[in-house]
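Now for the letters of each chain:
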Amino acid sequence: MKQTATLPAGPKGLPIVGNGLQFQRDPLTFMRGTQQQFGRMAHLRLANETVVAFFRPEHIRYFLMEHPRNFIKPNLGNGANLKAFLGDGLLTTDGEIHRQQRRLVQPAFHRKRVEGYADVMVQFTQELLETWQAGTEIDMAQSMQQLTLRIILKSLFNIDSPAQAITLGHAFNDVINNTQRRFSSLAKLERRLPLEKNRRREAGSRTIDDFVYALIKQHRAEGQDVGDVLSMLLEAQDEGNTMTDKQVHDQVLTFVAAGHETAQNTLSWTFYLLSQHPAVYDKLLAELQTVLAGRTPTIADLARLPYLEWVINESWRCYPPAWLQGRRALEAFDLDGYHFPANTVALLSQWVTHNLPDIWGDPENFRPERWDPVSGQKVPQGAYFPFGGGPRMCIGMPFAEMETKLLVASILQRFTPRLVPGFPVVPQPRITLRPKYGMHMILEATPKVATVPVA
Ligand code: HEM
């Protein structure tokens, strides 16, 4: 294909700030609107960088799966926020350092090893359910945050403290809710101003840091390998040196943050979607009651719960917790008829690509049946990437898939969460896609008998 020297077209911006304000005001509408206007890709004027949003499945494949080594994390917008918060953990490093880190911790995330965490997931959920009462209102987002935090801390670091999960949950909220996704050259300056949001973000960050460093100190003092991820990191040798506390800290923080934030959002959005789609809820409950008959779920049950899997796949399509990823080109590249200079920042958005009408037909509909391998639709590779793709695909995917299924199956058999009438549900694109005001739901006792036959 003939390459042109110009960049693709894109939305008109303002002088100096370019598209920065439009993006910042409402990134979800801006990104989908830009796709609808420009089609396959669009040049965005953000932060004085060459930024191009790529929307097609073949683009996702190009960056993540076919040429991953030609691109690094962009350290811009969300990427800069992540780096400032997480330091140099697996999510934010590149090249050889990243490959070494990934090799080191990969064993902790193999499917078989992860299956060992199932009992903790189910047990902690049952304990939570014992505290719930039918007829009461809860903030599902907060409740799922505390549960998923408790699970990740126990699974990866062998610590169990519900009280610490609550404190940490608040601290994470202070960091995430006060971190604005800014594509502007003034972003760095603004982070340093004496503003309330900066104060809260930094206080939250300190609480989390103190917790992680205390954990490392305790593990080093005990000096035993208890087979958890922290022992693995502390034992790791890098050219004869063990990792410094700062290096271990950044890894631990990354796992705690990435290991619960996306999972809690998945659960909030899934319960929300089920509350809005009674026919889907009925079908799912029928499957759960037929297969489990009130028992707590085990790993072995999951293969017999296909509808549960489709519901969760569809929830990730509609409300992808990771809704935007970026990559920066190490060298110039040619793609789809254009020549892009080195340093181009590519934006890839699950929020947009999971919603392309020519691929999904009726993307606005929450329709788990589209995932049925027999009668569902064909999804081209790259069109659906809630966990990213290629060598940097989410290391926690097996963990997250299992956790989500076990928790939804456990909770729905006892309680049916219904959205509080009139409660405003607004997706808020921060580092992840969060429900802006939480998810206030009323718990109803789940009826004992399935009313609808399993499909
Ligand atoms: C629904 C749940 C989850 C979603 C949607 C999700 C999504 C993602 C995505 C999209 C990436 C790729 C980012 C990129 O390429 O720029 C990623 C990477 C990562 N995720 Fe997850 N994640 C989830 C759960 C988890 C869990 C449970 C853990 C840990 C236990 C985890 C740890 C990580 C780490 C460490 C990386 C960086 C991997 C690397 O770059 O090598 N995630 N995740």
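Residues numbered from 1 in each chain as written. Predicted model: local features only at pLDDT ≥ 70, side-chain atom pairs only at ≥ 80, totals over all residues. Heavy atoms only, no water.

Q: Would you explain the coordination of the iron atom of the ligand in this entry?
A: Metal coordination angles in their ideal form are 109.5 degrees for the four-donor tetrahedron and 90 or 180 degrees for the six-donor octahedron. If you check the protein contacts of the iron atom of the ligand, you find one donor only, Cys394 (SG), at 2.3 Å. Structurally, cysteine 394 can be placed in the loop between helix 18 (357-360) and helix 19 (397-414). (Donors = N, O, S within 2.8 Å, 3.2 Å for Na, K, Ca; no water. Helix = DSSP H or I, 4+ residues; strand = E, 2+ residues; numbered from the N terminus.)

Q: I'm lost on a nonpolar patch on the surface in this one. Help?
A: A cluster of nonpolar side chains, namely Leu14, Ile16, Val17 and Leu21, defines an oily patch on the protein surface of about 400 Å² accessible area. Take leucine 14: its relative accessible area is 48%, and that puts it in the partly exposed class. (Patch = residues over 30% accessible without salt bridge, like charges linked within 9 Å, V, L, I, M, F, W, Y side chains within 5 Å. Areas by Shrake-Rupley, 256 points an atom, 1.4 Å probe, with all protein chains shown as cover. Salt bridge = Lys/Arg side-chain N within 4 Å of Asp/Glu carboxyl O. Buried < 20%, exposed > 50% of the residue type's maximum accessible area, 1.4 Å probe, protein only.)

Q: How do you make sense of the packing of helix 14 (residues 278-292) against helix 16 (residues 306-318) when you look at a structure like this?
A: The interhelical angle for the contact between helix 14 and helix 16, taken along N-to-C directions, is 145°, at an axis separation of 8 Å. Of helix 16, the residues touching helix 14 (which contributes Val280, Lys283, Leu284 and Glu287) are Pro306, Tyr307, Leu308 and Val311. Split by residue class, the contact of helix 14 with helix 16 holds six nonpolar, no polar and two charged. (Axes fitted to C-alpha atoms, helices over the stretch in contact; angles between N-to-C directions. Contact = heavy atoms within 4.5 Å. Nonpolar A, V, L, I, M, F, W, Y, C, P; charged D, E, K, R; others polar.)

Q: Explanation requested: the site of the ligand in the structure shown.
A: For the ligand, the set of nearby residues contains 26 residues, the closest of which are His98, Arg102, Gln325, Arg327 and Cys394. Lysine 73 is positioned such that a nitrogen or oxygen atom in its side chain is 2.9 Å from an oxygen atom of the ligand. Here an oxygen atom of the ligand and a side-chain polar atom of glutamine 325 are 2.9 Å apart. Considering each element in turn, the shell around the ligand owes the most residues, five residues, to helix 13 (residues 245-276). Split by residue class, the shell around the ligand holds 15 nonpolar, seven polar and four charged. (Near = heavy atom within 4 Å. Polar contact = N/O pair within 3.5 Å; in protein donor to acceptor, adjacent residues only side chain to side chain.)

Q: Would you take a moment to explain the side chain of asparagine 265 for this structure?
A: With respect to the helices, strands and loops of the structure, asparagine 265 is situated in helix 13. At 3.1 Å, the side chain of asparagine 265 forms a polar contact with the side chain of threonine 432. Discounting residues that sit within four places of it in the chain, asparagine 265 has contacts with Pro321, Thr432, Leu433, Arg434 and Pro435.

Q: Sorry if this is basic, but what is going on with the sheet that holds strand 11 (residues 415-419) here?
A: Remark on secondary structure: sheet strands pair via backbone hydrogen bonds, oriented parallel or antiparallel. Read from one edge to the other, the open sheet built from three strands follows the order 4-14-11, with strand pairing classed as antiparallel. Every interior strand has two partners, whereas the edge strands, strand 4 (137-139) and strand 11, have only one. Going across the sheet, the axis of each strand differs from the next one's by a mean of 40°, ignoring polarity. Bridge count for strand 11 against strand 14 (residues 440-445) is five bridges, and the pairing is antiparallel. What sits directly across from phenylalanine 415, in strand 14, is alanine 445. The strands touched by helix 8 (residues 140-157) are strand 4, strand 11 and strand 14; relative to strand 4, the strand with the most contacts, the crossing angle is about 60°. (Pairing = 2+ DSSP bridges.)

Q: Explanation requested: the side chain of glutamine 251 in the structure shown.
A: Counting through the fold element by element, glutamine 251 comes out in helix 13. We classify glutamine 251 as buried; its relative accessible area is 2%.

Q: Sorry if this is basic, but what is going on with the sheet that holds strand 3 (residues 71-72) here?
A: With mixed pairing, five strands are arranged side by side in an open sheet as 1-2-10-7-3. Strands with a single pairing partner mark the edges of an open sheet, and in this sheet they are strand 1 (41-46) and strand 3. As paired elements, strand 7 (residues 325-329) and strand 10 (residues 345-348) share four bridges and run antiparallel to each other. Each bridged residue has a counterpart across the sheet, and for arginine 328 the counterpart in strand 10 is valine 345. Packing against the sheet, helix 3 (residues 57-66) makes contact with strand 1, strand 2 (49-54), strand 3, strand 7 and strand 10, and its axis sits at approximately 125° to strand 10.

Q: Can you walk me through the nonpolar core in this structure?
A: Nonpolar side chains tend toward joint burial in soluble globular proteins. In this structure, Met31, Trp132 and Phe157 are the most contacted members of the largest nonpolar core, which totals 121 residues. No other element matches helix 13, which puts 12 residues into this core. The contacts of methionine 31, once residues within four sequence positions are left out, are Phe23, Leu44, Ala53, Phe55, Trp323, Leu324, Ser349 and Val352. Judged by nonpolar contacts, the second largest core, of 15 residues, contains Phe63, Leu64, Phe333 and Phe385. (Core = buried A, V, L, I, M, F, W, Y, C linked by side-chain atoms within 4.5 Å.)

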